[in-house]
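So the chains spell out like this:
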Amino acid sequence: MADTRAGPDSEAFERVYRSERDRLRRVAYLMTRRHDVADELVHDAFERLHQRWETVEVPPAFLRTTLVRLCLTWRDRAAMGAAREPRSGPAGRVDPPEIDEMWDLLARLPREQHVALVLRFYEDLPVDEIARVMGCRPSTARTRIHRALTRLREEMTS
Amino acid sequence: MTDRPTPTLDEVEDRLRRTFATRADDMSPGGIMRDDTALDVRPPGGGLAGDRMQSFPGAPKLPIRHQRRRPLVAAAAALLLVAAAAGAVVWAGGDGDSDDSGDVAAGGASTTTVGLVVAPRDVAVALQSERTVATMTVLGLEDAIALPAADTVVARGDTDAAISAFAEVVAASPAADVYQSWLDSLDALAGLRSDLDPDLADPDRNLDDLDTAVVVSDRYSQLIDDLLDAQAVFALSIDDPGLRAGAEAYGRGLALQVGSDRLFEAVVFAQLTPLSTTTVAELSRWHLTVQRQLETLAAQTMGTPYEDAAATAVSEAAGLVEVAEAAIEGEVDVPVAFDARDQLAAEAWPVFLDRVEALLATG
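We now turn to the structure provided with this report. (Residues numbered from 1 in each chain as written. Chains lettered and ligands numbered in written order. Predicted model: local features only at pLDDT ≥ 70, side-chain atom pairs only at ≥ 80, totals over all residues. Heavy atoms only, no water.)

This part covers the overall build of chain B. For chain B, the helix and strand inventory stands at 13 helices and two strands. A burial count over chain B gives 50% of its 363 residues as buried. Counted over contacts in chain B with a minimum sequence separation of 6, partners at least 24 positions apart contribute 72%. Accessible surface, chain B: about 16,300 Å² in total, of which carbon and sulfur atoms supply 54%. (Helix = DSSP H or I, 4+ residues; strand = E, 2+ residues; numbered from the N terminus. Buried < 20%, exposed > 50% of the residue type's maximum accessible area, 1.4 Å probe, protein only. Contact = heavy atoms within 4.5 Å. Areas by Shrake-Rupley, 256 points an atom, 1.4 Å probe, with all protein chains shown as cover.)

Our focus in this paragraph is the overall build of chain A. Each helix and strand in chain A was counted, giving seven helices and zero strands. Walking chain A from its N terminus toward its C terminus, one meets helices and strands in the order α-α-α-α-α-α-α. Among the 158 residues that make up chain A, the fraction classed as buried is 58%. For chain A, long-range pairs separated by at least 24 residues make up 66% of all intrachain contacts whose partners lie at least 6 apart in sequence. Of the roughly 6,800 Å² that chain A leaves accessible, carbon and sulfur atoms contribute 51%.

Interaxial distance between helix H7 (residues 138-157) of chain A and helix H12 (residues 307-328) of chain B falls to 11 Å at its minimum, and their mutual angle equals 40°. The crossing of H7 of chain A and H12 of chain B is left-handed. In contact with Thr140, Arg144 and Arg147 of chain A of H7 of chain A, H12 of chain B contributes Ser315, Glu316, Ala318 and Glu322 of chain B. Split by residue class, the contact of H7 of chain A with H12 of chain B holds one nonpolar, two polar and four charged. (Axes fitted to C-alpha atoms, helices over the stretch in contact; angles between N-to-C directions. Left-handed = near helix turned anticlockwise from the far one by under 90°. Nonpolar A, V, L, I, M, F, W, Y, C, P; charged D, E, K, R; others polar.)

Turning to the packing of aromatic side chains, a few remarks are in order. All names here are of chain A. A full pass over the atoms with the stated rule returns eight aromatic pairs over all chains. A centroid spacing of 6.4 Å and a plane angle of 75° characterise the contact between Phe13 and Phe46, whose relative ring orientation is edge-to-face. One end of the pair, Phe13, is in helix H1 (residues 10-32); the other, Phe46, is in helix H2 (residues 35-51), with 33 residues separating them in the sequence. As far as the burial class goes, Phe13 and Phe46 line up, both buried. Above the plane of the ring of Phe121 lies Arg120, whose end atom (NZ or CZ) is 5.8 Å from the centre. (Phe/Tyr/Trp six-rings, centres within 6.5 Å; stacked < 30°, edge-to-face > 60°. Lys NZ or Arg CZ within 6 Å of the ring centre and 35° of its normal.)

Residues and elements named next belong to chain B. Formed by 87 residues in total, the largest nonpolar core has its most connected members in Phe166, Trp182, Trp349 and Phe352. At 15 residues, the largest contribution of residues to this core is made by helix H10 (residues 241-272). Leave out the neighbours within four places in its chain, and Trp182 touches Val123, Leu127, Ile163, Phe166, Leu223, Asp226 and Leu227. (Core = buried A, V, L, I, M, F, W, Y, C linked by side-chain atoms within 4.5 Å.)

Let's shift gears to the pattern of salt bridges. Oppositely charged side chains can pair when the atoms bearing their charge come close. Scanning the entire structure with this criterion turns up 34 salt bridges over all chains. The residue Glu129 of chain A makes a salt bridge to Arg132 of chain A at a minimum N-O spacing of 2.9 Å. Separated by three residues within a single helix, Glu129 of chain A and Arg132 of chain A lie in helix H6 (residues 127-134), roughly one turn from each other. Two residues, Arg18 of chain B and Asp14 of chain B, come together in a salt bridge whose shortest N-O distance is 3.3 Å. Here Arg18 of chain B pairs with Asp14 of chain B, and both are found in helix H1 (residues 9-24), just four residues apart, close to one helical turn. Asp14 of chain B gets classed as partly exposed once you look at its relative accessible area, which sits at 41%. (Salt bridge = Lys/Arg side-chain N within 4 Å of Asp/Glu carboxyl O.)

Residues and elements named next belong to chain B. For H10, with 32 residues, the first-to-last C-alpha span of 46 Å sits near the 46 Å given by 1.5 Å per residue. Among the 32 residues of H10, 25 are classified as buried, and the element is accordingly described as predominantly covered. At the N-terminal boundary of H10, the capping side chain belongs to Asp240, with an oxygen 3.2 Å from the backbone nitrogen of Gly242. (Expected span 1.5 Å × (residues − 1). Polar contact = N/O pair within 3.5 Å; in protein donor to acceptor, adjacent residues only side chain to side chain.)

On to unusual backbone geometry, then. Excluding glycine, residues mostly have negative phi values, and the peptide bonds linking residues are mostly trans. Residue and element names in this part refer to chain A. The phi dihedral of Arg33 falls on the positive side, at around 65°, and the residue is not glycine. Here Arg33 is to be found in the loop between H1 and H2. Accessibility expressed as a relative area gives 7% for Arg33, which makes it buried.

The next point concerns the side chain of Arg23 of chain B. When you line up the elements, Arg23 of chain B lands in helix H1. Overall, Arg23 of chain B belongs to the buried group, its relative accessible area being 0%. Within the structure, the side chain of Arg23 of chain B is placed 2.8 Å from the side chain of Asp100 of chain A, a separation counted as a polar contact.

Scope: geometric values only; no functional claims are made or implied.
Here it is, written out as structure tokens:
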């Protein structure tokens, strides 16, 4: 049976895949702290883009929003019992202690705060865009970022 | 041992940026996940995505398969059990021959079906309000906290009116069997009110009556839970997959509206009795319940027309969950708790339920 989604958009889809994949993998890893899960969620996001290719106007924005929501959902599942990921980076690499410490502190934040920080300080998104991606009001996004920073500061001095 | 200097927020931001930049390199093309093999996945059932993406060089192998899909066998088994228990109330739209309830077909879905899906909402909300008024009154807090009804008499009247309207809607409908057992159980509500009256009349009501308040709240909660269970049974009996998904999402939204309110109540109880292990246990129980409900709603609506509405509501609900987490750690910020509750009450679940109702109505 012919698939009506196939056709002239193949090259365009592939261009989006090539240009966005690595960035999305990094974002997903920062949000989930697991390489394997990050890869799966990025794959899922592209799969969803592919399914809705004909109706999506801005593929990178669609991918980012989809990925963030997948990460939030995955973290919901993980919060139900999965162990925290260890702090260690790649084998053989030694990060400065303050990096390891911050990485550990991030793991203690509520998931929405953690994701908001990644969007703000890694993706450099404005608050309005963070709110749109996370599906909340700008004031909510702003509050999450502020609370997260305040909590991190408190934890850094304890 | 010397205290570490308190960093400024700018310094925290700077360290965050460096941490993200360093750790993000773990996933860079030159990082540890580099794998130049072809993509080794296909979407469930094969399909174009798998074919197309397999042609991409450099795509990573994905070691984890999809885990969020609802177990089909379990779902099918549940549906069979429900259909058997409900006397096979399997209907939706098309089969109108045996239905004399004024079923109106619209857009392929029966408006009566939609009406029966959403019918429990007013009753659940009324019971929720009566519960809040009752528990706060038992604690002598009726003048200290803004309540959803003027007093217990008004709250009970609202509940009775909602139940009467509900009974009229479901009477002689295909959902009558499913909902009738709940209507038959309303003796429990009468008994609860009767048991509660002496406490409400006690002029010395105060915070020492917390145990009574918790029991009262639980008894109301059980009535609401039973109603929502009946709604879930009805939802599962709907043949049309899209309508069934909407009905299930609607039920979960209702459960979250009620559960979030109960979680807020648990936060208040914990604040009132900071040394009580009972209230902290209650708080933990409702925190976990709401977390699970949020997780389930997000997972079950993924890929459905209700996904965006659910994601927004779940995100809005995060504030109360965070407040509850802080409360469990003994750090209740009461104004923040009220803000979170108000946000949920005004914007999260009512908006979500309205949105699902609108989507259901349009077929």
